[in-house]
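# Analysis of the macromolecular model
Chain residues, written in single-letter form:
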Amino acid sequence: MSIAENLLTIKKDIPEEVILVAVSKTKPVADILEAYNAGHRDFGENKIQEMVSKSEELPQDIRWHMIGHVQTNKVKYMAPFVHLVHGCDRVKVLKEVNKQAAKCDRIIDCLIQVHIAEEDTKFGFDESELSDLIDQRTWEDFPNVRLRGMMGMATFTDDHDQVRREFRSLRAHFDRFAERSGLKNWNILSMGMSGDYRLAIEEGSTMVRIGSSIFGTRNP
């Protein structure tokens, strides 16, 4: 099937209120444009410089999502246009996003990335770091950052029970943070990818990040 047909199939498969981020990392501009022409506007990249390059070639109404590990020395390049930063996995990232957003006279929407997987390769705040974040209300030091919710990645495994537990734990963190922080606009729970988005939606995801099911196998 074409990219447009894949998009339509997935959109029919997910609830209308769930936001679909088409993960376009490593994919050429032509593929993104095909999805754009099919009506899609939310695209996710995992490398800032690649996202910047694509944003310069593609229509300006695209909403770019930074879904990968954020290198703080490159935040300045995406600050003028990024729609949502998913990978705020440490306070240092929030601090730098705030700094660069202020320079651009913007308030940038961000998600707190939480480590929920058993794999050590995944980034994110752990439970104690989340508690410190809430107790110290650290985000109040960053007026140009608007926390919108949380993001997490489950373990890459065929064990659906494990994946479900990990998604459920992220939902619990999300709800606790909402209750204790009192933050407004706290309504994005970004979890679920091509292989597990249905499980994620069952556990409360409001945003899924899907790449290979739309664009095909990722290029090396």
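The structure under discussion appears in the preceding block.
Structure report, in brief. These numbers come from a predicted model, not from an experiment.

## Some details on the state of the cysteines
Applying the stated rule across the entire model yields 0 disulfides. As a non-bridged cysteine, Cys 88 has Cys 110 as the owner of its nearest cysteine sulfur, 3.8 Å distant. Given the relative accessible area of 1%, Cys 88 is considered buried. Since its relative accessible area comes to 0%, Cys 110 is described here as buried.

## What about helix 1 (residues 3-13)?
Residues of helix 1 that are buried: Ile 3, Asn 6, Leu 7 and Ile 10. The buried residues of helix 1 all sit within an arc of 100° when viewed along its axis, so they share a single face. Buried-residue contacts for helix 1 involve strand 1 (19-23), helix 2 (29-37), helix 8 (197-202), strand 8 (207-210) and helix 9 (212-215).

## Here's the deal with a positive patch on the surface
A cluster of basic residues, Lys 76, Lys 95, Lys 99 and Lys 103, forms a positive patch on the protein surface. In terms of residue count, helix 5 (residues 91-103) provides more of the positive patch than any other element does, 3 residues in total. Looking at the element boundaries, Lys 103 is found in helix 5. The class of Lys 103 is exposed, set by a relative accessible area of 60%.

## Side note on the packing of helix 6 (residues 127-136) against helix 7 (residues 160-181)
For the pair helix 6 and helix 7, interaxial distance at closest approach is 10 Å and the crossing angle is 15°. The angle between helix 6 and helix 7 places the two elements in the roughly parallel class. Viewed along their axes, helix 6 and helix 7 form a crossing whose handedness is right-handed. For the pair helix 6 and helix 7, contact is made by Glu 127, Leu 130, Ser 131, Leu 133, Ile 134 and Asp 135 and by His 173, Arg 176, Phe 177 and Arg 180, respectively. Per-class residue counts for the contact of helix 6 with helix 7 are 4 nonpolar, 2 polar and 4 charged.

## Thoughts on the environment of His 115
With respect to the element layout, His 115 can be found in the loop between strand 5 (108-113) and helix 6. With a relative accessible area of 27%, His 115 lands in the partly exposed category. Remark: the alpha-carbon pair of His 115 and Val 93, spanning 22 residues in sequence, is separated by 15 Å. In terms of polar contacts, His 115 uses its side chain to reach the backbone carbonyl oxygen of Ala 117, at 3.4 Å.

## Notes on the environment of Thr 206
Looking at where Thr 206 falls in the secondary structure, it is placed in the loop between helix 8 and strand 8. The class for Thr 206 is partly exposed, based on a relative accessible area of 26%. Spatially, the C-alpha atoms of Thr 206 and Asp 89 are 19 Å apart, while their sequence positions differ by 117 residues. Here Leu 189 takes part through its backbone nitrogen, which lies 2.8 Å from a polar atom of the side chain of Thr 206.

## Side note on the packing of aromatic side chains
Considering all chains together, one arrives at 4 aromatic pairs under this definition. Seen from their ring centres, Phe 43 and Trp 64 are 6.2 Å apart, and the 45° between their planes marks the pair as tilted. In this pair, Phe 43 sits in strand 2 (residues 42-45) while Trp 64 sits in strand 3 (residues 63-66), placing the two residues 21 residues apart along the sequence. Here Phe 43 and Trp 64 have matching classes, each one buried. Relative to Phe 177, the ring of Trp 139 has its centre 5.6 Å away and its plane inclined at 50°; by these criteria the two rings are tilted. Note that Trp 139 is positioned in the loop between helix 6 and strand 6 (145-151) and Phe 177 in helix 7, a separation of 38 residues in sequence. Taken as a pair, Trp 139 and Phe 177 share a single burial class, namely buried. Through a chain of ring-to-ring contacts, the aromatic side chains of Trp 139, Phe 174, Phe 177 and Trp 186 assemble into a single cluster. Arg 41 extends its terminal NZ or CZ atom over the ring of Tyr 36, reaching a point 3.6 Å from the ring centre.

Rules behind the numbers
Residues numbered from 1 in each chain as written. Predicted model: local features only at pLDDT ≥ 70, side-chain atom pairs only at ≥ 80, totals over all residues. Heavy atoms only, no water. Disulfide = S-S within 2.5 Å. Buried < 20%, exposed > 50% of the residue type's maximum accessible area, 1.4 Å probe, protein only. Helix = DSSP H or I, 4+ residues; strand = E, 2+ residues; numbered from the N terminus. Arc of directions from axis to C-beta. Contact = heavy atoms within 4.5 Å. Patch = residues over 30% accessible without salt bridge, like charges linked within 9 Å, V, L, I, M, F, W, Y side chains within 5 Å. Areas by Shrake-Rupley, 256 points an atom, 1.4 Å probe, with all protein chains shown as cover. Salt bridge = Lys/Arg side-chain N within 4 Å of Asp/Glu carboxyl O. Lys, Arg positive; Asp, Glu negative; His and termini not counted. Charge placed at Lys NZ, Arg CZ, Asp CG, Glu CD. Axes fitted to C-alpha atoms, helices over the stretch in contact; angles between N-to-C directions. Parallel < 35°, antiparallel > 145°, perpendicular 65-115°, else oblique. Left-handed = near helix turned anticlockwise from the far one by under 90°. Nonpolar A, V, L, I, M, F, W, Y, C, P; charged D, E, K, R; others polar. Polar contact = N/O pair within 3.5 Å; in protein donor to acceptor, adjacent residues only side chain to side chain. Phe/Tyr/Trp six-rings, centres within 6.5 Å; stacked < 30°, edge-to-face > 60°. Lys NZ or Arg CZ within 6 Å of the ring centre and 35° of its normal.

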